[in-house]
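# Survey of secondary and tertiary structure
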4 protein chains.
Amino acid sequence: MSNSFGRVLTVTTFGESHGPAIGCVIDGFPPGIEISAEEIRSELMRRATGQSRHTSQRREQEDVQILSGVFEGRTTGTPIALLIYNTDARSKDYSRIAAQFRPGHADYTYHHKYGLRDYRGGGRSSARETAMRVAAGALARKYLKDRLGVEVVGWLAQIGDQVCDERFDPAAIDSNPFFCPDPERVPELEDFMKRLWKSGDSVGALVKARATGVPVGLGAPVYAKLDGDLAAAMMSINAVKGVEIGAGFASVSQKGTEHRDEITPAGFESNHAGGVLGGISTGQPVDVAVAFKPTSSLRLPGRTVDVRGEPVEIITTGRHDPCVGIRAVPIVEAMLALTILDHYLLHRAQCGDVGPQEPRIPT
Amino acid sequence: MSNSFGRVLTVTTFGESHGPAIGCVIDGFPPGIEISAEEIRSELMRRATGQSRHTSQRREQEDVQILSGVFEGRTTGTPIALLIYNTDARSKDYSRIAAQFRPGHADYTYHHKYGLRDYRGGGRSSARETAMRVAAGALARKYLKDRLGVEVVGWLAQIGDQVCDERFDPAAIDSNPFFCPDPERVPELEDFMKRLWKSGDSVGALVKARATGVPVGLGAPVYAKLDGDLAAAMMSINAVKGVEIGAGFASVSQKGTEHRDEITPAGFESNHAGGVLGGISTGQPVDVAVAFKPTSSLRLPGRTVDVRGEPVEIITTGRHDPCVGIRAVPIVEAMLALTILDHYLLHRAQCGDVGPQEPRIPT
Amino acid sequence: MSNSFGRVLTVTTFGESHGPAIGCVIDGFPPGIEISAEEIRSELMRRATGQSRHTSQRREQEDVQILSGVFEGRTTGTPIALLIYNTDARSKDYSRIAAQFRPGHADYTYHHKYGLRDYRGGGRSSARETAMRVAAGALARKYLKDRLGVEVVGWLAQIGDQVCDERFDPAAIDSNPFFCPDPERVPELEDFMKRLWKSGDSVGALVKARATGVPVGLGAPVYAKLDGDLAAAMMSINAVKGVEIGAGFASVSQKGTEHRDEITPAGFESNHAGGVLGGISTGQPVDVAVAFKPTSSLRLPGRTVDVRGEPVEIITTGRHDPCVGIRAVPIVEAMLALTILDHYLLHRAQCGDVGPQEPRIPT
Amino acid sequence: MSNSFGRVLTVTTFGESHGPAIGCVIDGFPPGIEISAEEIRSELMRRATGQSRHTSQRREQEDVQILSGVFEGRTTGTPIALLIYNTDARSKDYSRIAAQFRPGHADYTYHHKYGLRDYRGGGRSSARETAMRVAAGALARKYLKDRLGVEVVGWLAQIGDQVCDERFDPAAIDSNPFFCPDPERVPELEDFMKRLWKSGDSVGALVKARATGVPVGLGAPVYAKLDGDLAAAMMSINAVKGVEIGAGFASVSQKGTEHRDEITPAGFESNHAGGVLGGISTGQPVDVAVAFKPTSSLRLPGRTVDVRGEPVEIITTGRHDPCVGIRAVPIVEAMLALTILDHYLLHRAQCGDVGPQEPRIPT
C-alpha cells in the first residue's frame, strides 16, 4: 500500500532513479477515454530535466510505453501500466556516497529502516519517481477537462526570496523555463539562478496550483476530506515541507468576518476557503500552495557520518537541480488533478453523478 | 472508508453534534495494553468545552463508555468501541439556520453533495467529532509512552496576531486554559480573548506539536510517507487550512546549506527536517505546525443565501468558540500520536520491530 | 482493517458476545434512503435466537439504536452507527471454560494470537457479531430493492443428511423456523432436530442464496471479482467451511459443452456460471451455496488441553444451537446483499451508473 | 484497488493476454531477501504453457525482468516490479470473435461493463494474468520457507471424473505434467486427456493445496479471517467456482463430535478445521480445495449472440487448454503462499513477531 495513491482511482508507482526503469499502474480509470503515449510524453517533457540550464542536466527521452489498459487508442477500464526505461543514468557518479549519508537526504533513513539501500542516484527517494505522477496526471487531466470541464494550472510563486506571481498572466507560465506567470520577472530569475549556480548553493520554492470548474460536492466528511487528501498528495512529493489550502497560514491572524466567504445569489464573494468547506468542494477554484525545501545535494562541503558512524565531509557531485521547486510545477498539477478525479469517482460511487441534487428544504 | 483513518491501526468515527451519540471503533490496536474509561475521559476533558470562558459553553460530561475490545482492563486485540452520549445538545438553537447556509461552514457543501443535511449544530461537520480522535489518541499515547518511550506534546503558538511561544515552558502548557507554553503571556491572552468576545468576531490560531523519542525508520517511501500521512491527519481536523513539517514554509527562502541538517557522530546538528527525511523518521523530534482558520459562527451578521438561493442576512447564535484553535491542541496531539503509532505498526509488518538493523556496508 | 468489510460501502463491526454491546458503522451508504430502527429490528428478529426450540435459548430483544447518519428518517450520507446492548448475556455459564480450549472453537487460536482472550460466550468469535451483519444488510437490501429492483433470498438447502430444497416454494421459507423452502419437509426436520437435541450432538448445514435482478456489469477483473468478494464475505461468517458460485464443485466433473451457458437473443440458456463470468455479473441470478460446520459447543464430553497444556475433558454448557446453519440464512442473505451493493457503488465510481452502455462494435 | 491483492503485502497486476506485456508490482515485501530473475522464472516455467500436449501450445519464454526493488541481488523494501513481454501472442487467431460473445467467457460481461473490450486472447480476463501471481508467489514462497519454515504444496486431486490423489506421493507431483501425486495414475490420465482432446470437449478439475509449518496465530477475527482471505484469493483465479477449507462441504453432513478436532498435549487429533479456527491459524496444516470449471473455449460449436444481439454459432479456435485446472496448481500454491505471508506480516503489525506469547491464565 505504501507506493499507491488514491481511493478508487489508484496509482501505484515503482522504480529507482538508476534502476532499469520506472513505471506505474493506474487502476480504476474510466473506460472509453482516448489517450496516446505521445500525449503523456508531451506532459512528461514539461517536467523533464535537461530543459534548461536551471535544472539537472540529466537528459531522459521519457519514451513512455503504454503496456496495458489501452486498446485501439482508448482506455478499456483495466489497469493502465506505463513504463519508461532509464537511459541516461550515470551510476558511477554516486559511488562515493554509497557508504555516506548525505545531509538532508533519505540516505540515513532508508539505511536505518531497511538495513540496506540502493544508493545510486537516491534510488527510490529520487525525484525521478515523480515522472510517473506526471504521466498518470496526464490521463487525469484529460478526463477532467474533456468530461467535466475542470482545468488545472500550476505556477512558480516564489523562489528563494524572489516572489514571482505578483502579476499573473496564465499564458506566460509555459513560455518560460520557470513556470513563472509574470513574464517581466523572467530575466531577473535567470540572473538569480546564475548567481545561485555559481555559489554552489540551492534554494527553496513556493509552488501554487489552482483547479477551476470543480463541481460542488467532491470530498467527504472527516478523514477523506478533499483538502485532507490534497495535503497528503502534496506532502508526498519529494522535498515538500508545507501545504496550504486557500488562505492557509494567513488564516491564523485573520478575523472571522474577514475569512468567511460570504454568499450572494451570484456566488461566493471571496475564496479564503480555497474552494473547500468541511472537506467538500464548494464549486469555487481549489487553491493549493506548496513549500519546497532547497535541494540538499550540494557541491559545498557538509558534515556527516558514514555508515560506521565516523564523521566525514561530504560533497555531492552528480547532476542536481539547484531548485527542485521549478520542475515541481507539473508534479503539483498532476497530484491536484489525480486527487480531484479520485474524489469525483468516489462521489459518483456514493451519490451518483454530480449535478443539481434535488434540494430538500426543511420546513 | 471516508470516516476511517489509519493504515493498519484504523479509527472509524461516527456521530453528529446533536445526534444521540458520538463514537469510534479502533481496529488493529495491540493486545495486552491496560486502559480504563477514566484514563480516556481525563484526556477528553482537556479538549472539552465549557472549561473556560474562552471556549464554547456547551458542557459535555464526556462519560465515555468502552463497549468492546477491553477485557478485565486490558485490550484484547479485537476492535475497541468507544461511545459518548450527547447530553447537552440544544437543538432548538439551530432551527433558524436549517434553510440557510452559514458562510464559512459546511452547510452549503453538505447540502449540495448529499441533497439533505442534519443541520443541528453542524451535524457531522461539527468539531464534536474530534472528541473521538482525542479518545482514540489517548490509547495511542499510552502505547507510545509505555512501550516505545515516545511522548507527544502540543501547544498554542499563536492566536490572531498574538505569538504565544517565544518562551517555552512545557510544564506551563496544561496549567492555563490556552495551552500556552509561556505563562507570562496568559494575562494578555485573557485580555485579548475578552476583547474578541465583546467584538463578536473570531480569530485563527497556530498550533504546534512535537513527538520525541520517535525511533528512526517509521514511514515509507512515496505515498505512505510519515509526513504525508501527518499532513492528511492534520488537514482532516476541522478548520485547518495549512500544515508544516519542520521548517515548513520558511524552507522556501532558505539556502540548502542552511536547511540541510548536518550530522556528526553525536547526531543531527539541527532539525529543519522536522524529524522526517524521505518520508521516514530520522529519530529526531517530529515537528508539525497547523493553521486554524477563525470560527465562522459569528453573531455579527453576514450575507448568504438560503436553500432556495434567495439572499438573506445570517447571525449565528448557539454556543461557539471564538477561537477553535485553542481547543484543538489535544486534537493535534491525538492525530500526531495516532499517525506515529500507525506507522510503527506498519513498519513492524514489513521490517520487524524497530531497533538496530544489521548494518550493511557497501564495499 | 480486520473488522471492516467492503470496498466503497464499508461495514465495521465491534462487540463481544457478553460485553456491554455490539454495534457497527456503515460508511459510504447513499444519502436520502428512508430507514427506521423498526425495519432493521424486524430483519434482526429473523436471525434472532430464542425463536424456536431448535436454536439457542438466548433471548435478545435486538433493540437496535440508530446513533448517527439518519436524520428525520432518511440517511444523510454520513456514517450510520447501529448499536444493540447485550441484555441476556449470562457470563457465569462460561466460567469453567476460561482456562480451557474448546475443541473446534477459536479459544485456542485467540489465546495464542493475542496472549489473552475474552472467554465469555466466545467473546468476539461468537456468532453474536453476525447480528450486525444482518442489521447492515437490512439497509443494503432496502436500497437494492427500492432503487435497483434487486431481491435477495436465502434458504436452508440441507441439514446433516437431510436435503430440504428438492421442492422450492419461496413463500414457504419465512413461514417455518428452518427457512426451509419445502413446507412438507418441515415435520421431518422438526423430528430430526428433536432427535439431534436428545443425542447431545450437532450437525452441519448447507445454506443457499440467490440475488435476482442484479444488473449486468457489477464486479471487476482479477482481484475485486464479484465472486471473489462473495467468497470472502461468505467464508467470513462463523462456521463456514466452503463456498460455491453457480455449479460450484459440480463443475469439476462437468464437460465444457455442459457447463458453458449458451446465449440466445432471449438470454442465457442456463446458469452454471451462477450469474458471474470473469468476475462480473451477467444479469442472471447470482447463486451462492455455503457450507456450515456442525457446532462445536457440545454437552458430549471431548478431549482438550487447558492453557497450561494439561489434558482435560470438556463439556460445553451454556446455550448453543445444535445447528448454527439454520440461523445463518439471514446472515448469508445480508452478506450477499452487502457485496452486491458495494459492487454496484464501485461500478458507479468507474463507469457511471448501470444501464445500456453505448455498444462499440469492432469493424 | 480492483487489480490489487493483499492487505500489507500488496500485489498489483496488469496486462492483457495479447498486449505488449504483463507485469506486477509487489509492495510491502520485507527487505534483505535474496532473489533472482532466474528463481522466479523457474517457478513460472512450472505454470507455463507449451510444456506438454495437455496444455495450450502457446510458448512463452517467461523472460521475467526485475525492474525495481532489488539491489545487488537483495530486496530493498521498495516496490518490486516484474515484467514479461508477450512474445508468442497470435492476435489474428481471435479476429473472428471480436464481435461475438463466447459462452462461458467474460466477453459478454466486459463488453457490458466497460462498453468496449480488448478481445485479443481474452484480454485482461485471460489466464495469462496468472503468470504474475506465480511470479509474486515465488518471492512469498522463498520468504516463507527460508524465514518461517513454511512450505506450500499443491496437486491435482481430480480431473473430470478421474480422482488422482487416492495415493499421495509428494515427490511425484513435479515429475509428471499433471501435478498428480499418484504416479501410477499418470498413464490413465494421459489416455483420458487424449480422448478428451479428440472429442473437442473440456473438463473441470479439483486442485488441492496445503501449507505446512504455518505458525499459530495468523489471521484475524471477522472480516480479515485467514480463511476468508484464502477464499477470496482462490475465487479470484480464473475459472474457479468453489473453495473449501478443511472438511469443506463434507462438514454439512458431519456430526459435531466427528468434526471437532480434539486436542491432546501432543496436539490436535485431526484436522477437519483445515488449520483455521475462528479465522486464525491453529498451527496445523492449512488445507484448501479449489474447483475449476471446464474451459469454455471449445472447437465444438455453441450458440451465442453477437454484439448486435443477433444469434450466431461460435467455434473457438486459437490455442486453449482442454483443462485449465492442470496448469492452475502453481497458481493455487502462489495464492496460498501470498495470503499466508500477508497475514504473517499483518500479525507482526498488531502483535509483534510470532512465537510463544506470554500466556495469561485467568484465575
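All of these numbers come straight from a predicted model, not from anything done at the bench.

What follows deals with the interface of chain A and chain B. Contacts between chain A and chain B engage 101 residues on the former and 102 residues on the latter. Residues belonging to the side of chain A that touches chain B are distributed by class as follows: 45 nonpolar, 36 polar and 20 charged. Sheet topology note: the strand β11 (residues 240-245) of chain A/strand β11 (residues 240-245) of chain B ladder contains 3 bridges and is antiparallel. Bridged to Val243 of chain A within β11 of chain B is Val243 of chain B.

Here we take up the relation of the copies chain A and chain D. Least-squares fitting of chain A to chain D yields an RMSD of 0.0 Å, with the transformation described by 0.0 Å of translation along the axis and a rotation of 180°. Taken together, the rotation angle and the small translation identify this as a two-fold axis.

All right, on to the UniProt feature "binding site: NADP(+)" (unreviewed entry) in chain A then. Residue and element names in this part refer to chain A. Look at the UniProt record and you will see "binding site: NADP(+)" (unreviewed entry) annotated at Arg47 and Arg53. Note that Arg47 resides in helix α1 (residues 37-47). The class of Arg47 is buried, set by 23 C-beta atoms lying within 10 Å. Ignoring sequence-local partners within four residues, the contact set of Arg47 consists of Ala131, Val134, Arg327, Pro330 and Ile331.

To continue, consider the environment of Leu139 of chain C. Residue and element names in this part refer to chain C. With respect to the helices and strands, Leu139 occurs in helix α3 (residues 130-148). Taking the C-alpha atoms as reference, Leu139 lies 33 Å from Asp261; in sequence the two are 122 residues apart. Leu139 has contacts with Ile26, Phe29 and Ile35, leaving out every residue within four places of it along the chain.

Another aspect to go through is the interface of chain A and chain D. With 37 residues of chain A in contact, the opposing surface of chain D contributes 37 residues. Elements that contribute at least two residues to the side of chain A that touches chain D include exactly β2 (10-15), β3 (21-27) and α2 (107-114) of chain A. A class-by-class count of the residues in the side of chain A that touches chain D yields 13 nonpolar, 17 polar and 7 charged.

What follows deals with the relation of the copies chain A and chain B. Aligned on chain B, chain A shows an RMSD of 0.0 Å; the corresponding rotation is 180° and the shift along the axis is 0.0 Å. A symmetric contact is evident, with 100% of the interface residues of chain A recurring at the interface of chain B.

Here we take up the sheet that holds strand β7 (residues 80-85) of chain C. Sheet strands line up and pair through hydrogen bonds in the backbone, either parallel or antiparallel. All names here are of chain C. With respect to topology, 5 strands assemble into an open sheet ordered β1-β2-β3-β7-β4, the strand pairing being antiparallel. This sheet does not close on itself; its edge strands, each paired only once, are β1 (4-5) and β4 (65-66). When strand β3 (residues 21-27) meets β7, the two strands line up antiparallel, connected through 6 bridges. Directly across from Ile22, in β7, lies its bridge partner Ile84.

Moving on to the sheet that holds strand β10 (residues 205-212) of chain C. Taken in spatial order, the 10 strands of this open sheet run β9(C)-β8(C)-β10(C)-β16(C)-β11(C)-β11(D)-β16(D)-β10(D)-β8(D)-β9(D), and their pairing is antiparallel. Since the sheet does not close on itself, it has two edges, and those belong to β9 (162-163) of chain C together with β9 (162-163) of chain D, each with one partner. The sheet contact formed by strand β8 (residues 151-159) of chain C and β9 of chain C spans 2 bridges and is antiparallel. When the sheet's bridge partners are listed, Gln158 of chain C is paired in β9 of chain C with Val163 of chain C. Running over the sheet, helix α8 (residues 329-351) of chain C touches β8, β10 and β16 (286-292) of chain C and is turned about 140° from β8 of chain C.

All names here are of chain C. Remark: helix α5 (residues 226-235) packs on α8, axes separated minimally by 10 Å, with the N-to-C direction vectors making an angle of 145°. Relative to α8, the crossing made by α5 is right-handed. Contacts between α5 and α8 involve Leu226, Asp229, Leu230, Ala233 and Met234 on the former and, on the latter, Val332, Met335, Leu336, Leu338, Thr339 and His343. A class-by-class count of the residues in the contact of α5 with α8 yields 8 nonpolar, 2 polar and 1 charged.

With that settled, consider the pairing of strand β16 (residues 286-292) of chain B. All names here are of chain B. In terms of burial, β16 is a largely internal element, 7 of the 7 residues being buried. Covered by surrounding structure in β16 are Val286, Val288, Val290 and Phe292 together with Asp287, Ala289 and Ala291, the residues of both alternating faces. The pairing of strand β10 (residues 205-212) with β16 spans 7 bridges and is antiparallel. Residue pairing for β16: Ala211 is matched across the bridge by Val286. Here 5 bridges tie β11 to β16, and the two strands are oriented antiparallel to one another. The residue bridging Val240 from the neighbouring strand is Phe292, located in β16.

Here we come to unusual backbone geometry. Among all residues except glycine, the phi angle is most often negative; among peptide bonds, the trans geometry is most common. Positive phi outside glycine occurs at Val222 of chain A, with the angle close to 75°. For Val222 of chain A, the position within the fold is in the loop between β10 (205-212) and α5 (226-235). For Val222 of chain A, a count of 27 C-beta atoms within 10 Å puts it in the buried group. Its identity is not glycine, yet Ala239 of chain B carries a phi of approximately 75°, on the positive side. As for its position among the elements, Ala239 of chain B is in the loop between α5 (226-235) and β11. Exposure remark for Ala239 of chain B: the 23 C-beta atoms within 10 Å place this residue in the buried category.

The UniProt record marks Arg124, Ser125, Ser126, Asn238, Ala239, Gly278, Lys293, Pro294, Thr295, Ser296, Ser297 and Arg319 of chain A with the feature "binding site: FMN" (unreviewed entry), using the residue numbering of this structure. Turning to its location among the elements, Ser297 of chain A is positioned in the loop between β16 (286-292) and β17 (302-305).

Further remarks concern the packing of α1 of chain A against helix α3 (residues 130-148) of chain A. All names here are of chain A. At a closest axis distance of 9 Å, the pairing of α1 and α3 adopts a crossing angle of 135°. The angle between the axes of α1 and α3 places the two elements in the oblique class. The crossing of α1 and α3 is right-handed. Two secondary-structure elements touch here, α1 through Glu39, Ile40, Glu43, Leu44 and Arg47 and α3 through Ala131, Val134, Ala135 and Ala138.

So, on to the environment of Val276 of chain A. All names here are of chain A. Note on placement: Val276 falls in strand β14 (residues 276-277). Its 28 C-beta neighbours within 10 Å are what place Val276 among the buried residues. The spatial distance from the C-alpha of Val276 to the C-alpha of Val240 is 21 Å, given a sequence separation of 36 residues.

The rules behind these values
- Residues numbered from 1 in each chain as written.
- Chains lettered and ligands numbered in written order.
- Predicted model: local features only at pLDDT ≥ 70, side-chain atom pairs only at ≥ 80, totals over all residues.
- Contact = placed C-beta atoms within 7 Å.
- Nonpolar A, V, L, I, M, F, W, Y, C, P; charged D, E, K, R; others polar.
- Pairing = 2+ DSSP bridges.
- Helix = DSSP H or I, 4+ residues; strand = E, 2+ residues; numbered from the N terminus.
- Least-squares fit on C-alpha atoms with pLDDT ≥ 70 in both.
- UniProt positions renumbered as here; feature names shortened; annotations may be inferred.
- Buried ≥ 20, exposed ≤ 12 C-beta atoms within 10 Å, placed from the backbone.
- Axes fitted to C-alpha atoms, helices over the stretch in contact; angles between N-to-C directions.
- Left-handed = near helix turned anticlockwise from the far one by under 90°.
- Parallel < 35°, antiparallel > 145°, perpendicular 65-115°, else oblique.

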